[in-house]
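Breakdown of the fold
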Amino acid sequence: MGNKFYKLQEIAAWQLSGNQTVKLPELQRGFVWNTSQVETLWDSILRGFPIGSFLMTQSGNDLLLVDGQQRSTSIAYGFFNPWNDNHVDFFDKGNKDSKHIPVLWIDLDPKDKLTDTNKFLIKIVTRSHPWGYKSKNNRETLTMGERKRAIELFKANPNSAAVEKYTDFENKNTFPIDANIPIPLCFLLEELYSDTKHSNIKSNLLRRVKVLDLENFPEIDHTSYIERLSDKLQSENLEMVFSSLKNIIRYEVPAITTSNDIIKESDFSEETGSSDPTLFVRLNSQGTSIVGEELVYSIFKAEFPRFKETVEKVGADFILPSKLLAIVIRKCLTDLDHNEFKNSLNINEFRKKLKQSDNEFRSKLCELVEAGTIKNYFDNVLYILKATDSLHIPQILIKYLINNNLEIFTLLLLSVKDKELNNQEILEVKKTFIKACWFNLDAKKFVRENWKDAIEGNDFWTDENWTKLEIECKYICPLFKPGNFLEFVGTQIDGKIPYDNWYPEDFKDFYSAEIIANREDIIKSCWDKVLNTIVWNREVLIFVQRAYFNYNFSEYNSLDVLTATNRPWDWDHIYPQNYVYNRKDNVDSRIRNLYNHNCNLRALSYDINRSEGANVPPNKRFTGSQSKNDFFIKSNDYEYWGKINDRVKSTNEVENLLSAFQHRMINIYEEIFESLS
């Protein structure tokens, strides 16, 4: 339909100002790039490298961005000025996280901090990492010592002393630590786009930085920073850099506008059975590919542009709109076939359904979205999962459970629907949902076989029904009784049972007679599943440390926390990883086998007040009973942690560490068993 070139300012304006004809998904609902990708994109732009083209389609008087959201949002981050209230108000569009939109800085004096592939040093600060990442490797977080130093300086500032949690610090008041002379990138861009001489740009930059309340940046020496910035702005080598950067005002990104018919056109071949969505595959041969649900969602947006914003608002910050649409489609299909189980649709199956002559599927889909049915369902299930009862699941764990177990969550959503439950029923639903997510033998088969019973019945998620499912071992693993588990784990740690063959001699000590009867083959699989979940699944640590998470991260509502590069906590080894990993000297094989298990890990907020470095022994990692409670350290395992003041070498020291592992593993399992039974 036509091509157009957009300047960077125009692209940024799609999200930083109102009344734009180009429409994008709301911020944070569909942004999936990690921080290093944002920084690298800006290095490419500043060097004049092309970054590809956008793909748009006409929707009434507006243009809908089909491909290029990650790049356009990253460009907007560069122009985002957190000290400009208008930018904040529009960019956030009603989200809860307006004080924590990522802010980009550029280091004017990167020196030895540049990598071999970067010419400019761009630094991003986020809510999880308010002092940025390492410069040499922007996929790595700062060291604990660097973060601790920044946090202590920040909290010493009277302006920030009232901030209790570091995730509450506003990004406009934090500073990239691993940089020499950084300034906000938005300041530089605004000056470069202004019609002023180089000398005026430099003086304006110095003035703008001075106007910032530098007392809000206790991480830096204010006087020294201003002096070094002033000297740098007057240096000859920066003059050449500015001459090069001035070309950025001519930088443009091409956009191809095509018709809806091309976006919606099927690539399905009846002869070959091919279901290759050619257009999207070719568009995403580089960068972050869109696959599966994202492809279907792209077609949905092109077919029903009026529903795009509705779908994006339903899931709040708990589920991507593409995943939510997959649930809506399943609901639509099952309603049209008398509650029978239906698989998800791929992109070409979805297209064919939309083209059916009777339009029954199309009408039902519109009805579910337009009438707010699915929104009511989602609001109700969130109300259940977020209930502050004895379980009180942390919000971040709810997000993990939803996004990592979409099949089971779909069953929960469509079976609970808009039912009003009492407190006891809510608690039962939460328990059984967690057990379904963690202890299923095959999620898809479990959902398929129980679909109709769950959709049509009222008692599927009750303790009574779950007990029946566990006895039958119908793709749900029964939890073994913890009674003899301590002795069993002890025999394994003593080396009497091979590490890769964790089975008791007699399962009868761990399961009831009803479960054992004629189910020996399945019991072995169930044992493996439960044990591996307790040993390896990090969600278990969030659960046992839920009081700690509910206090420190109760309002952490960004979906990007699901990525390992941008979460506000570490998985911290109690017995240090440095004591084991890559050591050529003799390390007991049992310690090598166990040190990465949950029994040696805790979730640790980045602002924890402990000694610097990665070699702190266990007996110095916990200060006071409250700290032990935070990290799920009980008296029976601390009895042994407290004896370990260095890397273990002697037989007695090794036995103490193994006993600490043993007792903590038991404690974790008992907490799961007692909470979910």
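Residues numbered from 1 in each chain as written. Predicted model: local features only at pLDDT ≥ 70, side-chain atom pairs only at ≥ 80, totals over all residues. Heavy atoms only, no water.

Digging into the pattern of salt bridges
Any two side chains of opposite charge can pair, on the condition that their charged atoms come close. In total, this model carries 23 salt bridges according to the counting rule given. Across the pair glutamate 252 and lysine 7 runs a salt bridge whose closest N-O atoms are separated by 3.6 Å. Here glutamate 252 is found in strand β8 (residues 252–258), whereas its partner lysine 7 is found in strand β1 (residues 2–7), with 245 residues between them in sequence. On the basis of relative accessibility, which here comes to 36%, the residue glutamate 252 falls in the partly exposed class. For arginine 602, the salt bridge goes to aspartate 572, with nearest N and O atoms at 3.0 Å. Of this pair, arginine 602 sits in strand β10 (residues 601–605) while aspartate 572 sits in strand β9 (residues 569–573), placing them 30 residues apart in sequence. Using a relative accessible area of 9% as the deciding quantity, one classes aspartate 572 as buried. Via salt bridges that share partners, Lys331, Asp335, Lys364 and Glu367 belong to a single interconnected network. (Salt bridge = Lys/Arg side-chain N within 4 Å of Asp/Glu carboxyl O. Helix = DSSP H or I, 4+ residues; strand = E, 2+ residues; numbered from the N terminus. Buried < 20%, exposed > 50% of the residue type's maximum accessible area, 1.4 Å probe, protein only.)

Examining the sheet that holds strand β5 (residues 103–107)
Pairing is antiparallel across the open sheet formed by 3 strands, whose spatial order is β6-β5-β7. Either end of the sheet is taken by a strand with one partner, and the two such strands are β6 (121–125) and β7 (182–184). Taken pair by pair, the neighbouring strands of this sheet meet at an average axis angle of 35 degrees, ignoring direction. As paired elements, β5 and β6 share 5 bridges and run antiparallel to each other. Opposite isoleucine 106, over in β6, you have isoleucine 122 as the bridge partner. The sheet strands contacting helix α2 (residues 35–46) are β5 and β6, and the helix crosses β6 at an angle near 145 degrees. Docked against the sheet, helix α6 (residues 185–192) engages β5 and β7, running at close to 65 degrees with respect to β7. (Pairing = 2+ DSSP bridges. Axes fitted to C-alpha atoms, helices over the stretch in contact; angles between N-to-C directions. Contact = heavy atoms within 4.5 Å.)

Describing the side chain of aspartate 570
Summarising the element assignment, aspartate 570 is placed in strand β9. Taking the relative accessible area as the measure of exposure, aspartate 570 reaches 18% and is therefore buried. Apart from the residues within four sequence positions on either side, aspartate 570 is in contact with Met144, Arg147, Arg602, Ala603, Leu604 and Tyr606.

Overview of the packing of aromatic side chains
For the structure shown, the criterion picks out 41 aromatic pairs. Arranged with centres 5.2 Å apart and planes meeting at 80 degrees, the rings of tyrosine 6 and tryptophan 14 form a pair that is edge-to-face. Under the relative-accessibility criterion, tryptophan 14 is labelled buried at 5%. Note on phenylalanine 480 and tyrosine 511: the rings are 6.3 Å apart at their centroids and 85 degrees apart in plane angle, and the pair reads as edge-to-face. Residue phenylalanine 480 is found in the loop between α22 (463–472) and α23 (485–493), and its partner tyrosine 511 is found in the loop between α23 and α24 (513–516); the two are separated by 31 residues along the sequence. Accessibility classification places phenylalanine 480 together with tyrosine 511 in one group, the buried group. Among the aromatic residues, ring-to-ring pairing joins Tyr548, Phe549, Phe553, Trp569, Trp571, Phe622, Phe631 and Tyr638 into one connected group. One residue, arginine 546, lies across the ring of phenylalanine 543, its end atom 4.3 Å from the ring centre. (Phe/Tyr/Trp six-rings, centres within 6.5 Å; stacked < 30°, edge-to-face > 60°. Lys NZ or Arg CZ within 6 Å of the ring centre and 35° of its normal.)

As for the packing of helix α20 (residues 423–438) against helix α31 (residues 651–676)
The angle between the axes and the distance between the axes are what describe a pair of packed helices. Relative to each other, α20 and α31 sit at 135 degrees, their axes nearing to 9 Å. Our classification of the angle between α20 and α31 gives oblique. Only Ile672, Ser675 and Leu676 of α31 make contact with α20, whose side of the interface consists of Lys431, Ile434, Lys435 and Trp438. Partitioning the contact of α20 with α31 into residue classes produces 4 nonpolar, 1 polar and 2 charged. (Parallel < 35°, antiparallel > 145°, perpendicular 65-115°, else oblique. Nonpolar A, V, L, I, M, F, W, Y, C, P; charged D, E, K, R; others polar.)

Details of the nonpolar core
Of all hydrophobic cores here, the largest spans 135 residues; its most connected members are Phe350, Leu365, Phe409, Trp438, Trp461, Phe485 and Trp527. What tryptophan 461 contacts, discounting residues up to four positions off in sequence, is Ile408, Leu411, Leu412, Ser415, Val416, Glu428, Val429, Thr432, Phe433, Ala436 and Trp466. Membership of the second largest hydrophobic core comes to 60 residues, among which are Tyr6, Leu65, Ile181 and Tyr225. (Core = buried A, V, L, I, M, F, W, Y, C linked by side-chain atoms within 4.5 Å.)

Some words on the environment of asparagine 600
Following the sequence through the fold, asparagine 600 ends up in the loop between α28 (589–594) and β10. Sequence-wise, asparagine 600 and methionine 665 are 65 residues apart; in three dimensions their C-alpha atoms are separated by 8.6 Å. When residues no more than four places from it in sequence are discounted, the contact partners of asparagine 600 are Asp572, His573, Ile574, Tyr575, Leu594, Tyr595, Trp641, Phe661 and Arg664. A distance of 2.7 Å separates a polar side-chain atom of asparagine 600 from the backbone nitrogen of tyrosine 575. (Polar contact = N/O pair within 3.5 Å; in protein donor to acceptor, adjacent residues only side chain to side chain.)

Considerations on helix α1 (residues 8–16)
Of all 9 residues making up α1, 7 are buried, and the element is well covered by its neighbours. For α1, the complete set of buried residues consists of Leu8, Ile11, Ala12, Ala13, Trp14, Gln15 and Leu16.

Here we look at a negative patch on the surface
Side chains of Glu487, Glu505, Asp506, Asp509, Glu520 and Asp521 sit close together on the surface and give a patch of like negative charge. Structurally, the position occupied by aspartate 521 is in helix α25 (residues 520–536). Judged by relative accessible area, aspartate 521 falls into the exposed class, the value being 57%. (Patch = residues over 30% accessible without salt bridge, like charges linked within 9 Å, V, L, I, M, F, W, Y side chains within 5 Å. Areas by Shrake-Rupley, 256 points an atom, 1.4 Å probe, with all protein chains shown as cover. Lys, Arg positive; Asp, Glu negative; His and termini not counted. Charge placed at Lys NZ, Arg CZ, Asp CG, Glu CD.)

So, the pairing of β10
Most of β10 sits out of view: 5 of its 5 residues are buried. Taking every second residue as pointing to the same face, both faces of β10 are buried, with Leu601, Ala603 and Ser605 on one and Arg602 and Leu604 on the other. For β9 and β10, the ladder comprises 5 bridges, and the chain directions are antiparallel. Following the sheet pairing, tryptophan 569 is matched in β10 by serine 605.

Regarding α25
Look at α25: 24 Å from first C-alpha to last across 17 residues, which is about the 24 Å you get at 1.5 Å a residue. When α25 is considered as a whole, its buried residues turn out to be Ile522, Ile523, Cys526, Trp527, Val530, Leu531, Thr533, Ile534 and Val535. (Expected span 1.5 Å × (residues − 1).)

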